[in-house]
Amino acid sequence: MLKPLQYMLQCIDETTLRRLGAALGACLRPGDVVLLRGEMGAGKSVLTRAAARGMGVTGPVPSPTFTILNIHEGRAMKLYHFDLYRLEGEDALYELGLHEFIPPADGAAMIEWPEMAEGAMPGDALTVKIAYARDGEGRTVSLLPGGAFDMARIEQIAMRMEESA
């Protein structure tokens, strides 16, 4: 039997998106990179805030739209939260020295708008695609493995999410 190439959730609401984020955060390991793709307002920051909670981050987790990178201290490791929306291309990421944190040695990175510096993004990453559902009710979320972030890791996230239901 063929293994699926992705894990997909259909028509999820914001509560379910938060449960997914918390499960994801609890399963992250040092050096992990999560690429968050989706339209403005689709839920990338909501998912990241929930992942931060799953990692044990207790303080506020604002979007780093203007600072590009916020670093949060979790229970066992740091969360490097990138928002590359305002970045003017891959060269800017290198000029600012931010590429040194992708992947981070002492934490996990969640990167919103990775397409703004596509060439600097590692292939060894989990890609999360968030889209509005066709009927306008809720969202669809796809988790696509990359490199060491394989389907077994995605299955761990799915199991943790189901346990929290």
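Above this text sits the structure in question.
Now for a look at the structure at hand. As the structure is a computational prediction, the values presented were derived from the model and not from experiment. (Residues numbered from 1 in each chain as written. Predicted model: local features only at pLDDT ≥ 70, side-chain atom pairs only at ≥ 80, totals over all residues. Heavy atoms only, no water.)

In terms of nonpolar packing, the biggest core is built from 32 residues, with Leu24, Leu28, Leu126, Val128 and Ile157 touching the most fellow members. When residues in this core are grouped by element, the largest group, five residues, is from helix α1 (residues 14–27). If near-sequence neighbours (up to four positions away) are discounted, Leu28 is found in contact with Val34, Met55, Met77, Ala108, Met110, Phe149 and Arg153. Core analysis: the next-biggest nonpolar cluster, separate from the first, contains 19 residues, Leu35, Leu69, Leu93 and Ala109 among them. (Core = buried A, V, L, I, M, F, W, Y, C linked by side-chain atoms within 4.5 Å. Buried < 20%, exposed > 50% of the residue type's maximum accessible area, 1.4 Å probe, protein only. Helix = DSSP H or I, 4+ residues; strand = E, 2+ residues; numbered from the N terminus. Contact = heavy atoms within 4.5 Å.)

In an α-helix there are 3.6 residues to a turn, and that puts residues three or four apart on one side. Here helix α2 (residues 44–54) lies mainly inside the structure; nine of its eleven residues are buried. Among the residues making up α2, those that are buried are Lys44, Ser45, Val46, Leu47, Thr48, Ala50, Ala51, Ala52 and Gly54. The inward-facing, buried residues of α2 contact α1, β2 (33–38), β4 (78–83), β5 (107–112) and β6 (126–132). Looking one or two residues past α2, Gly56 carries a phi angle of roughly 95°, positive in sign.

The next point concerns the packing of α1 against α2. The contact between α1 and α2 brings their axes to 6 Å, and the two run at 45°. In terms of axis orientation, α1 runs oblique to α2. At the point where α1 passes α2, the crossing takes the right-handed sense. Within the contact between the two elements, α1 uses Glu14, Leu17, Arg18, Leu20, Gly21, Ala22, Leu24, Gly25 and Ala26 and α2 uses Val46, Leu47, Ala50, Ala51 and Gly54. Classifying every residue of the contact of α1 with α2 gives nine nonpolar, three polar and two charged. (Axes fitted to C-alpha atoms, helices over the stretch in contact; angles between N-to-C directions. Parallel < 35°, antiparallel > 145°, perpendicular 65-115°, else oblique. Left-handed = near helix turned anticlockwise from the far one by under 90°. Nonpolar A, V, L, I, M, F, W, Y, C, P; charged D, E, K, R; others polar.)

Further remarks concern the packing of aromatic side chains. On inspection of all chains with the given rule, the structure shows two aromatic pairs. A centroid spacing of 5.4 Å and a plane angle of 25° characterise the contact between Tyr80 and Phe101, whose relative ring orientation is stacked. Residue Tyr80 is found in strand β4, and its partner Phe101 is found in the loop between α3 (90–95) and β5; the two are separated by 21 residues along the sequence. Judged by its relative accessible area of 4%, Tyr80 is buried. Plain terms: the ring middles of Tyr85 and Trp113 are 4.9 Å apart, the flat faces sit at 55° to each other, and that makes the pair tilted. Remark: Trp113 occurs in the loop between β5 and β6 and Tyr85 occurs in the loop between β4 and α3; sequence separation between them is 28 residues. Relative accessible area serves as the criterion here: at 40%, Tyr85 is assigned to the partly exposed category. (Phe/Tyr/Trp six-rings, centres within 6.5 Å; stacked < 30°, edge-to-face > 60°.)

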